[in-house]
Protein chains: 2
Amino acid sequence: MTLPRFSAWAVTGIPEVLDGDDLATLICDAVDKQAEGDAELALAEGDILVVASKIVAKAEGRLVPATDREKAITEDTVRVVAERVHAGGVTRIVETRQGLIMAAAGIDMSNVPDGFALRLPEDPDLSAQQLCAILRERLGISLGIIITDTFGRPWRVGQTDVAIGAAGLQLTEDMRGGNDANGRPLHATIAVVADEIAGAADLVKGKAGGLPVAVVRGLGRLVTGLDAPGARSLVRSLEEDMFRFGSAEAYQLGYDTARAEFEGGAAATPLAGRQGN
Amino acid sequence: MTLPRFSAWAVTGIPEVLDGDDLATLICDAVDKQAEGDAELALAEGDILVVASKIVAKAEGRLVPATDREKAITEDTVRVVAERVHAGGVTRIVETRQGLIMAAAGIDMSNVPDGFALRLPEDPDLSAQQLCAILRERLGISLGIIITDTFGRPWRVGQTDVAIGAAGLQLTEDMRGGNDANGRPLHATIAVVADEIAGAADLVKGKAGGLPVAVVRGLGRLVTGLDAPGARSLVRSLEEDMFRFGSAEAYQLGYDTARAEFEGGAAATPLAGRQGN
């Protein structure tokens, strides 16, 4: 058996990305430059490129004036999942048009020019598809693309990077059909390797260092055709999601529903009747 | 600048772990054997060892007869977070005594001997501390330990590995005090590197292959004293958690509270008065 092993490193020398930039060329130029010092750093068959959504969004012209930030959040929001007022303002956790559940619809003010805010790429899977197709054609190798963003999560502190767009690789490894080392069937284990790779790449990309791209090498087993499902397939359907609303929001909804029943007034919509529930 | 880079590989040759086994010795023996073929695989200063909780639990004698599984789940449960009945039975998401929110209190039937179920380590941070201290002493190098388990999550399909125990390394990188590449302050970014490393290691450890240990090399910047906070510090406090109950549970609680108020019967405890809320 080959030793299961991979490595990850940052691509250095990616310039500040501007509206209309050709990301494939920026990345190839940076990789070529890096490979001058160490030929092993050239892209190779089976590599996975992990790209921060920030530079994809910048290349796609997704900057908006900071004064339009609230409007953009509203436009990019499909539904509000939870909301909390605190000293620093309001934290609004929403579902975005991309199916992602995140604070402020992923609209970000850091690492963007003064006076601007940055929306997510319109369709990160499509962005990944296009980048993957161009790079495969130009380099003549099969590689995978993951576009990442930084997410908070319930129950645990802090943030990790996850995959919001992907192309040319398998995003999960389904262990359900397999057996464990004792020959017993493995239950309910679908390892979401795309998110694990996104997090792994964050360990070298960093947020403050201006290193928005990483190469992951050694996981070529996951690289596949361009027709593989994108990161949208990682979004859990609302029907299967036991945490589709914030606790306080769901409580309030239950409370209002019962009150309406007893007061005979306008009935609140029961949770079970809400959109997507 | 040194190129940000790391690599991860599986430690091969760890035998089936039994109650009372000395994990440090099992791991060192397997690593030594592996290093015979490739000296680079010997443990080195700054390495991080990622260990599946399963073998820690086995060494600590945490097997229970399968017939006592339900009892063990109840014993290890601090509170039920969400519950759903489906064709395959009941999925109960609970908070464990370790502060972890997971299905069935993390009690697992796969990769354990027939007729048994396996509880989590009693105190995974303590397990990590002990293993880390022994290995540091024996090898004369500073290394970090992460003990992992496999978790589902809201909103996204599938499972990823996260850190449930840790010692000798920094678990987060706090970007809040820093500036982005444009000199603007970075908001609310605490990168939970311990979980990202846990996920990265899962890419080589695998679940079915009997490879419960991985080495991660190149992240020595995170390795620190044995007094660093453990993985318990990654548990978000209930006060700060907007998803402390399942949506259906919170809805029902709100409904029952209002009904009790209107009927003048026994009042349900409002969400705000529940334990830890």
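Residues numbered from 1 in each chain as written. Chains lettered and ligands numbered in written order. Predicted model: local features only at pLDDT ≥ 70, side-chain atom pairs only at ≥ 80, totals over all residues. Heavy atoms only, no water.

If you look chain A up in an unreviewed UniProt entry, it shows as Coenzyme F420-0:L-glutamate ligase from Devosia neptuniae.

**Q** So what's going on with unusual backbone geometry? Which residues, and what values?
**A** The backbone of A:Ala105 sits at a positive phi, close to 55°, despite the residue not being glycine. Inspection of the secondary structure puts A:Ala105 in the loop between strand S6 (101-103) and strand S7 (116-118). Residue classification places A:Ala105 among the buried positions, given a relative accessible area of 1%. Within the chain, B:Ala104 stands out as a residue other than glycine whose phi angle is a positive 55°. (Helix = DSSP H or I, 4+ residues; strand = E, 2+ residues; numbered from the N terminus. Buried < 20%, exposed > 50% of the residue type's maximum accessible area, 1.4 Å probe, protein only.)

**Q** Give me the sheet that holds strand S5 (residues 89-96) of chain A: which residues, what numbers.
**A** Residue and element names in this part refer to chain A. Judged by pairing direction, the sheet is antiparallel, and its 3 strands sit side by side in the order S4-S5-S6 without closing on themselves. Lying at the two open borders of the sheet, with one neighbouring strand each, are strand S4 (77-86) and S6. Across the sheet, the mean angle separating the axes of adjacent strands is 20° when strand polarity is ignored. One ladder, built from 8 bridges, connects S4 with S5; its direction is antiparallel. Residue pairing in the sheet places Arg84 in a bridge with Thr91 of S5. (Pairing = 2+ DSSP bridges. Axes fitted to C-alpha atoms, helices over the stretch in contact; angles between N-to-C directions.)

**Q** So what about the interface of chain A and chain B? Which residues, and what values?
**A** Note on interface size: it is often stated as the accessible area lost on association of the parts. Taken together, the contact pairs 94 residues of chain A with 96 residues of chain B. Note on chain A versus chain B: buried area summed over both sides is about 8,300 Å², and carbon and sulfur give 59% of it. Together, A:Trp155, A:Arg156 and A:Leu203 form the three largest contributors to the area buried by chain A at its contact with chain B, with a combined 11%. Counting across the interface, chain A meets chain B through 42 residue pairs in polar contact (both at pLDDT 80 or more). Looking at the side of chain A that touches chain B, the elements with two or more residues in it are strand S1 (5-10), S4, S5, strand S9 (159-167), strand S11 (190-191), helix H5 (193-205) and helix H6 (247-263) of chain A. Among the elements that line the side of chain A that touches chain B, the one with the most residues is H6(A), at 13 residues. Taken together, the residues of the side of chain A that touches chain B break down into 51 nonpolar, 19 polar and 24 charged. Of the strand pairs in this sheet, S1(A) and strand S1 (residues 5-10) of chain B are connected by 5 bridges, and their pairing is antiparallel. From the neighbouring strand, A:Arg5 faces S1(B), where its bridge partner is B:Trp9. (Contact = heavy atoms within 4.5 Å. Buried area = accessible area lost by both parts, 1.4 Å probe. Polar contact = N/O pair within 3.5 Å; in protein donor to acceptor, adjacent residues only side chain to side chain. Nonpolar A, V, L, I, M, F, W, Y, C, P; charged D, E, K, R; others polar.)

**Q** Tell me about the relation of the copies chain A and chain B, and please be specific about residues and values.
**A** The two copies are related by a screw operation: chain A maps onto chain B through 180° of rotation and 0.0 Å of translation along the axis, at an RMSD of 0.0 Å. One copy is carried onto the other by what is essentially a two-fold rotation axis. A share of 100% of interface residues in chain A that are also interface residues in chain B marks the association as one of identical surfaces. (Least-squares fit on C-alpha atoms with pLDDT ≥ 70 in both.)

**Q** Give a description of the packing of aromatic side chains that names residues and reports values.
**A** Under the definition given, this model contains 6 aromatic pairs over all chains. Both rings, one in A:Tyr251 and one in A:Tyr255, keep their centres 6.4 Å apart while their planes meet at 25°; by these two values the pair is stacked. Pair noted here: A:Tyr251 and A:Tyr255 are both in helix H6, with a separation of 4 residues, about one helical turn. Taken individually, A:Tyr251 and A:Tyr255 each receive the classification buried, so the pair is uniform in this respect. Residues B:Trp155 and B:Phe243 carry aromatic rings whose centres are separated by 4.9 Å and whose planes lie at 80° to one another, so their mutual orientation is edge-to-face. Pair noted here: B:Trp155 is in the loop between strand S8 (144-152) and strand S9 (159-167) and B:Phe243 is in the loop between strand S12 (213-217) and helix H6 (247-263), with a separation of 88 residues, a long-range link. We note that B:Trp155, like B:Phe243, is buried. A cation sits over an aromatic face here: A:Arg79 above A:Phe245, 5.4 Å from the ring centre. (Phe/Tyr/Trp six-rings, centres within 6.5 Å; stacked < 30°, edge-to-face > 60°. Lys NZ or Arg CZ within 6 Å of the ring centre and 35° of its normal.)

**Q** Mind laying out the environment of B:Gly210, listing which residues take part and the relevant values?
**A** Residue and element names in this part refer to chain B. When you line up the elements, Gly210 lands in the loop between helix H5 (193-205) and S12. Classification of Gly210 by relative accessible area gives partly exposed; the value is 36%. As for Gly210 and Thr224, which are separated by 14 residues in sequence, their C-alpha atoms are 29 Å apart.

**Q** Let's hear about the packing of helix H1 (residues 23-37) of chain A against helix H4 (residues 124-139) of chain A: which residues, and what values?
**A** All names here are of chain A. H4 packs onto H1 with a crossing angle of 50° between their chain directions and a minimal axis gap of 10 Å. One finds that H1 runs oblique with respect to H4. Between H1 and H4 lies a crossing whose hand is right-handed. Judged by residue contacts, Leu23, Ala24, Thr25, Ile27 and Cys28 of H1 engage Leu131, Ile134, Leu135, Arg138 and Leu139 from H4. Counted by class, the contact of H1 with H4 contains 8 nonpolar, 1 polar and 1 charged residues. (Parallel < 35°, antiparallel > 145°, perpendicular 65-115°, else oblique. Left-handed = near helix turned anticlockwise from the far one by under 90°.)

**Q** Can you lay out helix H1 (residues 23-37) of chain B for me, pointing to particular residues and giving the numbers?
**A** Residues and elements named next belong to chain B. With 15 residues, H1 should cover 21 Å at 1.5 Å per step; its first-to-last C-alpha distance of 22 Å lies within 8% of that length. Taken as a whole, H1 has its buried residues at Leu23, Ala24, Leu26, Ile27, Cys28, Ala30, Val31, Gln34 and Ala35. The elements touched by buried residues of H1 are S1, strand S2 (48-52), helix H2 (53-59), helix H4 (124-139) and S12. (Expected span 1.5 Å × (residues − 1).)

**Q** So, the confidence of the model for chain A: which residues are in play, and what are the values?
**A** All names here are of chain A. Summary statistics for chain A give a mean pLDDT of 90 and a share of 89% for residues scoring 70 or more. Note on residues 272-277: pLDDT under 50 across the span, and 11 contacts to partners over four residues away in sequence or across chains. In the predicted assembly, ipTM is 0.92 and pTM is 0.92. (pLDDT = per-residue confidence, 0-100.)

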